[in-house]
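# Working through the structure, step by step
Here is how the chains run, residue by residue.
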Amino acid sequence: MDRVPAQILIKCTNFAALKHSKQRRKDREQTPYINHPIGVAYILTEEADITDLDVIQAALLHDTVEDTKTTFKELEETFGSAVTNIVREVTDDKSLPKAERKLQQIEHAPHSSPKAKLVKLADKLYNLRDLNRCTPNGWTENRVQEYFQWSANVIKGLRGTNKKLECELDVLLKQRGVLEL
Ligand SMILES: Nc1nc2c(ncn2[C@@H]2O[C@H](COP(=O)(O)OP(=O)(O)O)[C@@H](OP(=O)(O)OP(=O)(O)O)[C@H]2O)c(=O)[nH]1
Ligand SMILES: [Mn+2]
């Protein structure tokens, strides 16, 4: 039987909520982690006017493999290959050292599909806004500034995808005096 968008999206939201249920954000209030994937999807629908269901599903699921025990096989079986391939594109290889992972994001960004670029742009926008809202536990001001600088270098490779998201990111980068290298 054909499923309507409301069913498809609630299935993703519920899956992500269960997978992230024990995780919290790194802020002082220990915000539930699920606020982040839902917020990334919300940026796409409310700010970027995205209606593509694969993109919205991928946004809801985008940190499940990277940050929980979820496997790509599980995503494939539950949500199909179109959604899974977007999540695959935005998932860091956690077996690599952190510096290498961060460098790979900069290198991979320009070669990503337009759908993956949308999720990546919204992810960065959410995280940069979150850094302005509250400094994560244990982060120095210098680490925050470095995250902005690194993000700018990733965003450079994502441009030409969505005007609204890129303008919102530009405002934040400008406030921090960050330039794209
Ligand atoms: N700003 C902010 N970020 C938080 C918070 N709690 C958790 N995060 C997550 O931390 C990641 C950024 O922290 P890092 O130390 O640079 O990366 P790491 O978790 O991969 O080691 C982001 O992961 P990500 O979404 O996978 O994105 P990214 O790794 O591509 O940046 C972000 O979602 C918080 O309170 N504020
Ligand atoms: Mn994320």
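Our subject in this report is the structure included herewith.

Each value, and the rule that gives it
Residues numbered from 1 in each chain as written. Chains lettered and ligands numbered in written order. Predicted model: local features only at pLDDT ≥ 70, side-chain atom pairs only at ≥ 80, totals over all residues. Heavy atoms only, no water. Donors = N, O, S within 2.8 Å, 3.2 Å for Na, K, Ca; no water. Helix = DSSP H or I, 4+ residues; strand = E, 2+ residues; numbered from the N terminus. Buried < 20%, exposed > 50% of the residue type's maximum accessible area, 1.4 Å probe, protein only. Near = heavy atom within 4 Å. Polar contact = N/O pair within 3.5 Å; in protein donor to acceptor, adjacent residues only side chain to side chain. Areas by Shrake-Rupley, 256 points an atom, 1.4 Å probe, with all protein chains shown as cover. 1 Å grid on protein atoms, 1.4 Å probe; cavity = no way out; pocket = protein on both sides within 12 Å on 5 of 7 lines; lining within 4 Å. Sits in = over half its atoms within 2 Å of the grid points.

Glancing now at the coordination of the manganese ion (ligand 2). Those donors, His-36 (NE2), His-62 (NE2), Asp-63 (OD) and Asp-123 (OD), are the protein atoms that reach the manganese ion (ligand 2), and they lie 2.2 to 2.4 Å from it. Sequence spacing among the residues donating to the manganese ion (ligand 2) works out to H-x25-H-D-x59-D. One end of the pair, His-36, is in helix α2 (residues 35–47); the other, His-62, is in the loop between α3 (53–61) and α4 (64–67), and 26 residues separate them in sequence. By the burial criterion, His-36 is buried, and His-62 matches it.

With that settled, the discussion passes to the site of ligand 1. In the vicinity of ligand 1 lie 22 residues, with Arg-25, Lys-26, Lys-98, Arg-143 and Tyr-147 positioned nearest. Within the side chain of Asp-123, one N or O atom sits 3.2 Å away from an oxygen atom of ligand 1. Lys-124 places a polar side-chain atom, nitrogen or oxygen, 2.8 Å from an oxygen atom of ligand 1. For ligand 1, whose accessible area on its own is 680 Å², the fraction buried by protein is 92%. Assessed atom by atom at 2 Å from the grid points, ligand 1 resides in the largest pocket. Of all the secondary-structure elements, those providing two or more residues to the shell around ligand 1 are α7 (98–108), α8 (114–133) and α9 (141–156). With six residues, the single largest contributor to the shell around ligand 1 is α8.

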